[in-house]
Amino acid sequence: MRKNAGVTSTRTDDLDPAPAPAPDRRIRLIATDLDGTLLRDDKSVSPRTVAALAAAEEAGIEVFFVTGRPARWMDVVSDHVHGHGLAICGNGAAVVDLHGGTGNHRFVKVRAIRPDVALDVVATLRAAAPGTSFAVERTGGIHHELAYPPLHLDPAVTIAPAEKLLAADCDLADQPILKILAHHGELSPDAFLALARTAVGETANVTRSSPTALLEISAAGVSKASTLALCCTERGIVPDEVVAFGDMPNDVEMLSWAGTSYAMGNAHPDVVAAASGRTVANNDDGVAVVIERILAQYTGA
């Protein structure tokens, strides 16, 4: 057994991949998470997966990358967006056109969280979980508090208290807020998530995708699922025509919404419970395994 994202990873020889959707269900769109799902643990896209994605697009099936990543982290898959060039980023907070390449993406749709709501969430979590530190993800980059764990490959644009970063008169006010990130150094990831969801209630959408106690907070009603549903409606695609893949709690709504969904072999237990099927782990190309089976049904191979 391998470990990934804090949960057990299942090898190909430990688990039979779930079957492809029923032959009479024509699939029009594949929606896949990236980290822990499409990407291997080294953040690469395997040659087998590259070939499967290309074959799906060639067969007329759109592929949407649906991720918690910000647009500036999408270089890992920018060469594989094919025709439409769109990705859903920030757990549904933005639809981004990646055609311009790294650093030249264009926001097609933004579903921002209002500053006053964000401030309310920060105050609520400071009271409910003392010791929480915050970051603010805006369309122009990330800004965080001094106590927030820095990402060395993605330095903050600004370091200041969250209340200052979210103030109506701050220098960043013209940049929409995509999500708030909240980190706790002592609570377990699932305990922090449960506590925050109880405290915040319907004010905002709280989820997580990190193996650490790092929460991702979007506007109420904003999730991978709701933004994917909007994109599908624009294309005349219904849930039964969608296959989705994921591994962490921020994928649960999307997997529940799609007509067919797969938890990875390395998925969180909540994801396994939400999905209609299960495939092998990300390091064993679980997404490619299912895509190949879908395409084989259509070609009779």
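This text follows the structure it describes.
A. Broad picture of the pairing of strand S5 (residues 86-89). Across the two faces of S5 the burial is the same, with Leu-86 and Ile-88 and Ala-87 and Cys-89 all buried. Where strand S4 (residues 62-66) meets S5, two bridges bridge the pair, whose relative direction is parallel. Its bridge partner lying in S5, Val-66 is registered against Ile-88. Looking at chain direction, S5 and strand S6 (residues 94-97) are connected through four bridges and run antiparallel.

B. Molecular detail of the packing of aromatic side chains. Here the structure, examined in full by the defined rule, presents one aromatic pair. On the basis of an interplanar angle of 20° and a centroid distance of 5.4 Å, the ring pair of Phe-245 and Tyr-262 is categorised as stacked. With Phe-245 in strand S14 (residues 242-246) and Tyr-262 in strand S15 (residues 260-263), this residue pair connects regions lying 17 residues apart in the sequence. Neither residue differs from the other here; Phe-245 and Tyr-262 are each classed as buried.

C. Representation of the side chain of Asn-91 within the structure. Note on placement: Asn-91 falls in the loop between S5 and S6. A residue is classified by how much of its surface remains accessible, and Asn-91, at 3% relative accessible area, is buried. Polar side-chain contacts of Asn-91 include one of 2.7 Å to the side chain of Glu-216. A distance of 2.8 Å separates polar atoms of two side chains, one belonging to Asn-91 and the other to Asn-250. Apart from the residues lying within four places of it in its own chain, the contact partners of Asn-91 are Thr-67, Gly-68, Lys-179, Thr-207, Glu-216, Ser-218, Val-222, Ser-223, Lys-224 and Asn-250.

D. Here's a closer look at the nonpolar core. Counting residues in hydrophobic clusters, the biggest one holds 32 residues, and the most contacted among them are Phe-65, Met-74, Val-77, Phe-245 and Ile-291. Secondary-structure elements contributing two or more residues to this core are helix H1 (34-38), helix H2 (47-58), S4, S5, S6, S14 and helix H9 (286-299). In terms of residues, this core owes the most to one element, H9, which gives six residues. Dropping the residues within four chain positions of it, Ile-291 is found in contact with Ile-30, Ala-52, Leu-53 and Ala-56.

E. Fine view of the pattern of salt bridges. In this structure the tally under the stated criterion is 18 salt bridges. Salt-bridge contacts for Asp-35 lead to Arg-69; the nearest nitrogen and oxygen are separated by 2.7 Å. Here Asp-35 is found in helix H1, whereas its partner Arg-69 is found in the loop between S4 and S5, with 34 residues between them in sequence. Residue classification places Asp-35 among the partly exposed positions, given a relative accessible area of 25%.

F. Highlighting the pairing of strand S3 (residues 29-32). Of the two faces of S3, both are covered, the one formed by Leu-29 and Ala-31 as well as the one formed by Ile-30 and Thr-32. Pairing of S3 with S4 involves four bridges; the strand directions are parallel. Bridge pairing in S4 places Ile-30 opposite Val-63. As judged from the four bridges shared by S3 and S14, these two strands associate in the parallel manner. Residue pairing across strands places Thr-32 opposite Phe-245, the latter belonging to S14.

G. Broad picture of the sheet that holds strand S12 (residues 204-208). Strand order in the open sheet formed by six strands is S10-S9-S8-S11-S13-S12, with mixed pairing between adjacent strands. The sheet terminates laterally at strand S10 (158-159) and S12, the two strands that pair on one side only. The pairing of strand S8 (residues 133-138) with strand S9 (residues 141-144) spans four bridges and is classified as antiparallel. Pairing of Ala-135 across the sheet is with His-144, part of S9. Running over the sheet, helix H3 (residues 115-128) touches S8, strand S11 (177-183), S12 and strand S13 (214-219) and is turned about 5° from S11.

H. Main features of the environment of Arg-111. Structurally, the position occupied by Arg-111 is in the loop between strand S7 (106-110) and H3. Here Arg-111 falls in the partly exposed class, since its relative accessible area comes to 21%. In sequence terms Arg-111 and Ala-220 are 109 residues apart; their C-alpha atoms lie 9.8 Å from each other. A polar contact is formed between the side chain of Arg-111 and the side chain of Ser-226, at a distance of 2.8 Å. In terms of polar contacts, Arg-111 uses its side chain to reach the side chain of Thr-227, at 2.8 Å.

I. Summary view of helix H5 (residues 189-200). The end-to-end C-alpha separation of H5 is 16 Å, in line with the 16 Å expected for twelve residues at 1.5 Å each. Those residues of H5 hidden inside the fold are in contact with H3, S11, S12 and S13. At the C-terminal side of H5, Gly-201 shows a positive phi close to 60°.

J. Broad picture of the packing of H3 against H5. Between H3 and H5, the least distance of the axes is 10 Å, while the angle of their chain directions is 125°. The pairing of H3 with H5 is recorded here as oblique in orientation. Once H3 is placed against H5, the crossing between them reads as right-handed. Judged by residue contacts, Val-121, Thr-124, Leu-125 and Ala-128 of H3 engage Leu-195, Ala-196, Ala-199 and Val-200 from H5. Along the lines of polarity and charge, the residues of the contact of H3 with H5 split into seven nonpolar, one polar and no charged.

Scoring rules and cut-offs
- Residues numbered from 1 in each chain as written.
- Predicted model: local features only at pLDDT ≥ 70, side-chain atom pairs only at ≥ 80, totals over all residues.
- Heavy atoms only, no water.
- Buried < 20%, exposed > 50% of the residue type's maximum accessible area, 1.4 Å probe, protein only.
- Helix = DSSP H or I, 4+ residues; strand = E, 2+ residues; numbered from the N terminus.
- Pairing = 2+ DSSP bridges.
- Phe/Tyr/Trp six-rings, centres within 6.5 Å; stacked < 30°, edge-to-face > 60°.
- Polar contact = N/O pair within 3.5 Å; in protein donor to acceptor, adjacent residues only side chain to side chain.
- Contact = heavy atoms within 4.5 Å.
- Core = buried A, V, L, I, M, F, W, Y, C linked by side-chain atoms within 4.5 Å.
- Salt bridge = Lys/Arg side-chain N within 4 Å of Asp/Glu carboxyl O.
- Axes fitted to C-alpha atoms, helices over the stretch in contact; angles between N-to-C directions.
- Expected span 1.5 Å × (residues − 1).
- Parallel < 35°, antiparallel > 145°, perpendicular 65-115°, else oblique.
- Left-handed = near helix turned anticlockwise from the far one by under 90°.
- Nonpolar A, V, L, I, M, F, W, Y, C, P; charged D, E, K, R; others polar.

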